[in-house]
Amino acid sequence: TLTLADLRQDEDVLDTWFSSWLWPISVFDGIRNPDNEQIKYYYPTNDLVTGPDIIFFWVARMIMMGIYVMGDVPFHTVNFHGLIRDSKGQKMSKTKGNVIYADDLVDIFGVDAVRYFVVHEMPYENDGVITWELVAERINSDLANTLGNLVNRTIAMSNKYLGGTVKDTGSY
């Protein structure tokens, strides 16, 4: 039987929320060496791109710690990207088990088709819904139909203007 006495915290692990306070400074060794060239060059930076769901947990804490330790905010502009949601409108989460992994999509549909879906269906700063069915539908309706139309038109034009053959010039 597991008891509270059996549990211990790893000494080398810093709490995730606390570590976020330090990230803009510690990544360039700005705490131990606040005058090094990297921290002088990169701190403060211009922009942070993040999801709106962690504004308090990460962003506000980074700003507070940056002002406290470095005397300045770590970034001047915060840009929020949209969140990826499932078919029920819930944020995708490993904990919820509703995640679709990009690698799995790429294995099935190919990287260009997945990129096309993301750009088309998830405009910047807006949330987007992704399901296997939506990806397949978009690829079939836009890419497969468009590609099929292109092939048919190419064949028709080849027949009409070139007698159905294309001369091999030997060069590309």
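## Thoughts on the pairing of strand β2 (residues 75–80)
So, point 1. Of the strand pairs in this sheet, strand β1 (residues 45–50) and β2 are connected by five bridges, and their pairing is parallel. By the bridge assignment for β2, Thr 45 is matched with Phe 75.
So, point 2. Crossover connection from β1 via helix α3 (residues 55–70) to parallel β2: handedness right-handed.

## A few points about the environment of Lys 91
So, point 1. Along the polypeptide, Lys 91 turns up in the loop between β3 (84–85) and α4 (102–109).
So, point 2. For Lys 91 and Asp 53, which are 38 residues apart along the polypeptide, the C-alpha to C-alpha distance reads 9.7 Å.
So, point 3. There is a polar contact of 2.2 Å between the side chain of Lys 91 and the side chain of Asp 53.

## Quick notes on helix α1 (residues 16–26)
Helical geometry: 3.6 residues make up each α-helical turn, so side chains three or four residues apart lie on a common side.
So, point 1. For α1, the set of buried residues is Ser 20, Leu 22, Pro 24 and Ile 25.
So, point 2. Contacts made by the buried residues of α1 are with α2 (37–42) and α3.

## Details of the packing of aromatic side chains
So, point 1. Scanning the entire structure with this criterion turns up three aromatic pairs.
So, point 2. Pairing Phe 28 with Tyr 42 gives two aromatic rings, centres 4.7 Å apart and planes at 10°, and the pair type is stacked. Note that Phe 28 is positioned in the loop between α1 and α2 and Tyr 42 in helix α2, a separation of 14 residues in sequence.
So, point 3. We classify Tyr 42 as partly exposed; its relative accessible area is 42%.
So, point 4. Through successive ring pairs, a cluster of aromatic residues spans Phe 28, Tyr 41 and Tyr 42.

## Digging into the packing of helix α5 (residues 111–121) against helix α6 (residues 132–162)
So, point 1. It is at 10 Å that the axes of α5 and α6 come closest, and there the two elements cross at 100°. Put simply, α5 runs roughly perpendicular to α6. Together, Ala 113, Tyr 116, Phe 117, His 120 and Glu 121 of α5 and Leu 134, Val 135, Arg 138, Ile 139, Asp 142 and Leu 143 of α6 make up the contact between the two elements.
So, point 2. A breakdown of the residues in the contact of α5 with α6 according to their chemical character gives seven nonpolar, one polar and three charged.

## Considering the packing of α1 against α3
So, point 1. Between α1 and α3, the shortest axis-to-axis distance is 8 Å and the interhelical angle comes to 50°. As summarised for this structure, α1 and α3 are arranged oblique, according to the angle between their axes. Crossing geometry of α1 relative to α3 is assigned as right-handed. In this structure, α1 uses Thr 16, Trp 17, Ser 20, Trp 21, Leu 22, Pro 24 and Ile 25 to contact α3, whose residues at the interface are Phe 57, Trp 58, Arg 61, Met 62, Met 65, Gly 66, Val 69 and Met 70.

## Observations regarding the pattern of salt bridges
So, point 1. All chains considered together, the criterion is met by six salt bridges.
So, point 2. The salt bridge involving Lys 91 is made with Asp 53; its shortest N-O contact spans 2.2 Å. Residue Lys 91 is located in the loop between β3 and α4, and its partner Asp 53 is located in the loop between β1 and α3; the two are separated by 38 residues in the primary sequence.
So, point 3. With relative accessibility at 34%, the residue Lys 91 sits in the partly exposed group.
So, point 4. Judged by relative accessible area, which is 30%, Asp 53 ranks as partly exposed.
So, point 5. Note that Glu 121 and Arg 138 form a salt bridge whose closest N and O atoms lie 2.6 Å from each other. Residue Glu 121 is located in helix α5, and its partner Arg 138 is located in helix α6; the two are separated by 17 residues in the primary sequence.

Procedures and definitions
- Residues numbered from 1 in each chain as written.
- Predicted model: local features only at pLDDT ≥ 70, side-chain atom pairs only at ≥ 80, totals over all residues.
- Heavy atoms only, no water.
- Pairing = 2+ DSSP bridges.
- Helix = DSSP H or I, 4+ residues; strand = E, 2+ residues; numbered from the N terminus.
- Right-handed = clockwise from strand over helix to strand, strands pointing away.
- Polar contact = N/O pair within 3.5 Å; in protein donor to acceptor, adjacent residues only side chain to side chain.
- Buried < 20%, exposed > 50% of the residue type's maximum accessible area, 1.4 Å probe, protein only.
- Contact = heavy atoms within 4.5 Å.
- Phe/Tyr/Trp six-rings, centres within 6.5 Å; stacked < 30°, edge-to-face > 60°.
- Axes fitted to C-alpha atoms, helices over the stretch in contact; angles between N-to-C directions.
- Parallel < 35°, antiparallel > 145°, perpendicular 65-115°, else oblique.
- Nonpolar A, V, L, I, M, F, W, Y, C, P; charged D, E, K, R; others polar.
- Left-handed = near helix turned anticlockwise from the far one by under 90°.
- Salt bridge = Lys/Arg side-chain N within 4 Å of Asp/Glu carboxyl O.

The quantities given are spatial measurements derived from coordinates; they are silent on function.
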